[in-house]
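# Summary of the model geometry
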Amino acid sequence: MSSRTFEHNQPERQNLSVFEFVKGVGQVTGGTLLALAMLTSSIVAGGLVGLAISFRNLPDVRQLRSFVPTETTHIYDVKGKLLTSIHGEANREVVPLEKISPHLKRAVLAMEDDHFYQHHGINPAGVGRALVVNLRGGEVSQGGSTITMQLVKNLFLNRRRQFERKIAEAVLAIRLEQIFKKNQILEMYLNQVYWGHNNYGAQTAARSYFNKTADKLTLAEAAMMASLIQAPERYSPFGNMKGAKEQQEIVLGRMLKLNWITPEEYEEAVKQEIKLGKIQSFRRSNLPYVTNAVSQELAKKFGRDALLKGGMRVQTTVDINFQKMAEKTVSKWHSRLLRRGLYKNQIALAAVDPRTHFVKALVGGVNYKTSEFNRATQALRQPGSSFKPFVYYTAFATGKYTPSTTVYDTPVRYRDGRGWYYPRNYDNSFAGPMPIRKALALSRNVPVIKVGKAIGMNKVVETSRTLGIMSPMSPVTSLPLGAIGVTPLEMAGAYATLANYGWQSPTTIMLRVTDSSGNVLLDNTPKPQLVLDPWAAASTIDIMRSVIAPGGTAPNAAIGRPAAGKTGTTSSEKDIWFVGTVPQLTTAVWVGRDDNRTLSRGATGGGMVAPVWRDFMIQALKGKPVENFKSPSKFPRPKSR
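Residues numbered from 1 in each chain as written. Predicted model: local features only at pLDDT ≥ 70, side-chain atom pairs only at ≥ 80, totals over all residues. Heavy atoms only, no water.

What follows deals with the packing of aromatic side chains. Summed over the entire model, instances satisfying the criterion amount to 11 aromatic pairs. Arranged with centres 6.1 Å apart and planes meeting at 75°, the rings of F396 and W535 form a pair that is edge-to-face. Taken together, the residues span a long stretch of sequence, with F396 in helix α14 (residues 388-397) and W535 in helix α19 (residues 534-548) at a distance of 139 residues. No difference in accessibility class separates F396 from W535, as the two residues are buried. (Phe/Tyr/Trp six-rings, centres within 6.5 Å; stacked < 30°, edge-to-face > 60°. Helix = DSSP H or I, 4+ residues; strand = E, 2+ residues; numbered from the N terminus. Buried < 20%, exposed > 50% of the residue type's maximum accessible area, 1.4 Å probe, protein only.)

Here it is in structure tokens:
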């Protein structure tokens with residue numbers, strides 16, 4: 001608090017009177033009123049102590065020792081830039097008393113309770129003076145509520161205007177003052193009070209009204225904020241600057257009368273130009289696809305109440321500028337693909353750093369304003385041939401297969417229930433014997449099914465689970481062709497593990513979560529574990545490089561540096577993919593329609609999606625050093641089993 005001395009003057013009030021039963025008495029003389037007020041003060045001072053004993057059914061104020069007020073959760077990008085704030089009814093950020101401007105403390109006390117540091121929860125003189133004003137006016141226009149009484153009212157009691165509630169308010173205030181120090185009570189009050197526009201507490205209100213923290217408020221700003229407590233929406237400077245200035249001058253006048261500011265400070269504050277901030281309580285997220293994904297993860301891990309009221313501070317793994325570049329790329333290619341006949345197309349993109357498994361970009365659709373559905377994390381779509389690398393990895397991990405092993409692209413049939421399943425290639429032809437490298441480069445279907453059957457589809461399922469694909473999956477014959485539902489983020493995370501030679505941390509969009517006091521709730525510092533055979537992973541990356549090379553299905557994905565990837569095209573062209581990686585970044589891009597109808601006859605991942613991937617990766621890697629993948633020869637080949 002300020003070093004200035006608080007005089008024993010009671011501020012003018014607009015609260016409820018304790019004595020509503022005298023509401024109609026308006027004809028009593030001034031002398032009688034004064035005598036009655038003095039008598040009332042004595043009764044209140046002595047009587048409420050006795051009442052405190054009898055009010056045994058009131059809330060126990062001792063529970064405030066462990067009380068944690070609801071706070072707003074803030075989500076930031078990787079560099080600390082605020083992306084959004086999430087809260088329930090109360091938008092609040094709790095701060096200690098020393099981080100609140102002395103100007104605001106004085107201004108609030110001047111208007112709400114200038115005897116705060118002298119009374120013990122109730123102010124008998126204030127109650128008596130309020131009674132005089134109410135009797136003279138013939139209505140309840142003032143009350144004797146102290147800051148302590150207001151606090152217990154906000155925390156424990158309903159807001160009905162009745163005598164019993166005011167008595168309970170006073171009793172609880174006395175109890176509270178016996179347990180907590182004055183500064184503790186003032187801190188709770190300033191963090192609890194409502195300041196309008198869904199802003200609770202001094203810190204949130206200061207950020208909203210003046211775009212600054214509560215400790216930086218000037219005298220002029222503090223006086224304007226203090227004037228809002230009794231009628232925040234009515235005198236909000238956002239909608240009524242004239243009224244706000246008038247109320248501000250009332251506060252400053254009150255502070256001057258109490259000798260808490262000098263005449264010079266008064267004049268300077270009245271003349272100061274007020275620069276407003278922005279109403280922040282209901283603003284949109286800067287990166288809605290990212291923050292919605294974060295919100296879902298927080299709710300899943302900590303519960304929805306903690307998300308809305310827990311005051312968490314969340315540092316994401318995403319850079320805001322990088323994410324916006326990804327969103328612009330998706331929007332641009334949405335328009336281009338429309339012109340190429342892919343009507344009603346949606347695009348999702350997920351980019352992951354294979355070294356950390358941190359999500360670097362997450363785009364869930366072409367326009368969040370028209371559709372909030374996050375296709376990058378929520379849409380289960382068939383990956384088509386982009387699933388094939390998982391089959392070949394599983395084969396390499398047995399030690400029985402290499403990229404040069406010959407496989408046969410020849411007719412075959414498998415029992416399927418009561419009938420037979422005849423695998424076919426995309427072009428309905430058969431190309432005979434070929435090495436696995438070529439079979440993947442040309443995306444031949446029959447060879448990968450034969451390999452899957454030979455090693456066992458259950459092993460392919462195990463590999464997929466290890467890679468982080470948790471979608472429902474059965475070891476059916478068509479599994480190698482991607483006959484399951486996956487999300488783009490799952491695919492990006494799986495390819496990232498291959499690109500990191502089998503080392504894996506959980507794929508995450510959250511780097512760190514703390515509470516409002518800085519206590520760490522979640523730390524996602526990478527702790528990689530080796531979950532795949534390194535030689536088999538390196539061999540899988542090696543054959544995927546052939547997909548992008550001339551003669552593969554995706555030369556459109558060439559970016560002028562070593563890269564590996566795989567196209568994906570489902571039957572009837574409902575889902576088309578390209579998932580690819582360099583050592584520093586793995587990206588999955590999906591294109592399809594929300595109604596799951598055909599995009600366009602002849603639409604393929606190599607022809608339509610690889611260029612999207614290429615455009616994004618060139619921008620994402622601008623200025624980054626060119627890195628090559630490690631050769632499989634750098635790792636020991638697993639023994640045949």
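Positionally, S464 belongs in helix α17 (residues 457-466). Here V460 takes part through its backbone oxygen, which lies 3.0 Å from a polar atom of the side chain of S464. (Polar contact = N/O pair within 3.5 Å; in protein donor to acceptor, adjacent residues only side chain to side chain.)

Moving on, we come to the sheet that holds strand β7 (residues 358-363). Strand order in the open sheet formed by 5 strands is β7-β6-β18-β17-β16, and the pairing between neighbours is antiparallel. With partners counted over all chains shown, the strands left at the sheet margins are β7 and β16 (564-569), one partner each. Between one strand and the next, the sheet's axes are offset by a mean angle of 10°, whatever the strand orientation. Pairing analysis gives 5 bridges linking strand β6 (residues 346-353) to β7, with the strands arranged antiparallel. Each bridged residue has a counterpart across the sheet, and for L349 the counterpart in β7 is V363. Contacting β16 and β17 (575-582), α19 crosses the sheet at an angle of about 65° to β16. (Pairing = 2+ DSSP bridges. Axes fitted to C-alpha atoms, helices over the stretch in contact; angles between N-to-C directions. Contact = heavy atoms within 4.5 Å.)

Below, the discussion takes up the nonpolar core. As a rule of thumb, nonpolar side chains are buried together in soluble globular proteins. Counting 115 residues, the largest nonpolar core has L349, F390, Y392, M491, I509, L585 and F616 as the members making the most contacts within it. Ranked by residue count, the leading element in this core is α19, at 9 residues. Not counting the four nearest positions on each side in its chain, F390 is found in contact with T463, S464, L467, I469, M491, A494, Y495 and L498. Membership of the second largest hydrophobic core comes to 52 residues, among which are V95, L190, A222 and M255. (Core = buried A, V, L, I, M, F, W, Y, C linked by side-chain atoms within 4.5 Å.)

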